[in-house]
Amino acid sequence: WRHQIDALAEAGYYVWAPDQRGYNLSDKPSGISAYSLDTLVADIIGLIDAAGRQKAIVVGHDWGAAVAWWAAVTYPDRIERLTVLNVPHPVVMKQFASRNLGQMLSSWYIGFFQLPKLPELLVQLNNWRFLKQALRSSRRGTFSREDIQHYQQAWAQPGASTAMINWYRAVLRSPMKRQPSVRVTVPTLIIWGAKDAFLKPEMAQLSLTLCDNGRLVYLENATHWVQHEEPDRVT
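Computed from a prediction, not measured in an experiment: that's the story for all the values here.

A. Molecular detail of the pattern of salt bridges. If you walk through the whole model with that rule in mind, you get seven salt bridges. Close ionic contact of Arg 78 with Asp 49 constitutes a salt bridge, the shortest N to O distance being 2.7 Å. Residue Arg 78 is found in the loop between helix H3 (63-74) and strand E2 (79-85), and its partner Asp 49 is found in helix H2 (residues 37-50); the two are separated by 29 residues along the sequence. On the accessibility criterion, Arg 78 (10% relative accessible area) is buried. The class of Asp 49 is partly exposed, set by a relative accessible area of 47%. One salt bridge connects Arg 183 with Asp 212, and the closest N-O pair in it is separated by 2.8 Å. You can see Arg 183 sitting in the loop between helix H9 (160-173) and strand E3 (188-193) and its partner Asp 212 sitting in the loop between helix H10 (202-208) and strand E4 (214-219), a full 29 residues away along the chain.

This is how it looks when you write it as structure tokens:
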């Protein structure tokens, strides 16, 4: 979020951009259940409490977007507005990925990450080549060599490999608690880079149908890494 933080602060917002649990310098509790979506949402509500606020505007990308979606579903009284980038509503992801062959193939790694120990070896192999390739699905020049070094330092934190992969393990083994409704009632903005190599753009439109007050903006020339590629427009 480095391209957005200063601009939002200058616009008068109080900005927090935390490492979520398991990532970089944040705690890395053991056990797959520690990374359930409901637990991750509770972390965000805890941060809002720690900021001394009743409500916050919550913005998320990728896994952060999944957490943001579910926070708006389960704690609508704590979310003022919601902005999500390039990840669909969790219910849409679950249903679409189980029915659409193209999305199944694109999401192969989720199944692979369910295996014990082997995924950790893969992501570290050849100097983190697997994770670097994910970044290189962006437009040419989006991430500098220095940027990638910063990411690599985060991935290499003690326990980070297992903790990051446990997010994927938990989504299948510690499913979300059933809610009376999965609709999003808070004002919602969906920003979607249409050239995402991992997630089909149809899921953005399907997610919009679950929003009472939603708006969808496709950035046609952006990939999954939309806030890095078109920072001014996203901001």
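B. Quick peek at the pairing of E2. Counting buried residues in E2 gives five out of seven residues, a clear majority hidden from the surface. Note that strand E1 (residues 56-61) and E2 share six bridges and pair parallel. In the strand pairing of E2, Val 59 is matched with Thr 83. The sheet contact formed by E2 and E3 spans four bridges and is parallel.

C. Expanded view of the packing of aromatic side chains. With the rule as written, the count across this model stands at 16 aromatic pairs. Aromatic side chains Tyr 23 and Trp 167 sit 5.3 Å apart centroid to centroid with 75 degrees between the ring planes, which places their arrangement in the edge-to-face category. Taken together, the residues Tyr 23 in the loop between helix H1 (2-10) and H2 and Trp 167 in helix H9 connect sequence positions 144 residues apart. On the basis of relative accessible area, Tyr 23 is assigned to the partly exposed category, the value being 24%.

D. Broad picture of the sheet that holds E2. With parallel pairing, the four strands of this open sheet are ordered in space as E1-E2-E3-E4. The open sheet has two edge strands with one neighbour each: E1 and E4. Strand-to-strand, the axes of this sheet are offset by a mean angle of 15 degrees, without reference to chain direction. In the sheet, E3 pairs with E4 via six bridges, with the strands oriented parallel. Bridging from a neighbouring strand, Ile 190 pairs with Leu 216 of E4.

E. Seen up close, helix H8 (residues 145-155). Within H8, the full set of buried residues consists of Asp 147, Ile 148, Gln 152, Ala 154 and Trp 155. The buried residues of H8 occupy an angular sector of 155 degrees when projected down its axis, which confines them to one face. In H8, the exposed positions that point more than 90 degrees away from the buried face belong to Arg 145, Glu 146 and Gln 153. Packing partners of the buried residues in H8 comprise H1, helix H7 (118-135) and H9.

Conventions and cut-offs
Residues numbered from 1 in each chain as written. Predicted model: local features only at pLDDT ≥ 70, side-chain atom pairs only at ≥ 80, totals over all residues. Heavy atoms only, no water. Salt bridge = Lys/Arg side-chain N within 4 Å of Asp/Glu carboxyl O. Helix = DSSP H or I, 4+ residues; strand = E, 2+ residues; numbered from the N terminus. Buried < 20%, exposed > 50% of the residue type's maximum accessible area, 1.4 Å probe, protein only. Pairing = 2+ DSSP bridges. Phe/Tyr/Trp six-rings, centres within 6.5 Å; stacked < 30°, edge-to-face > 60°. Axes fitted to C-alpha atoms, helices over the stretch in contact; angles between N-to-C directions. Arc of directions from axis to C-beta. Contact = heavy atoms within 4.5 Å.

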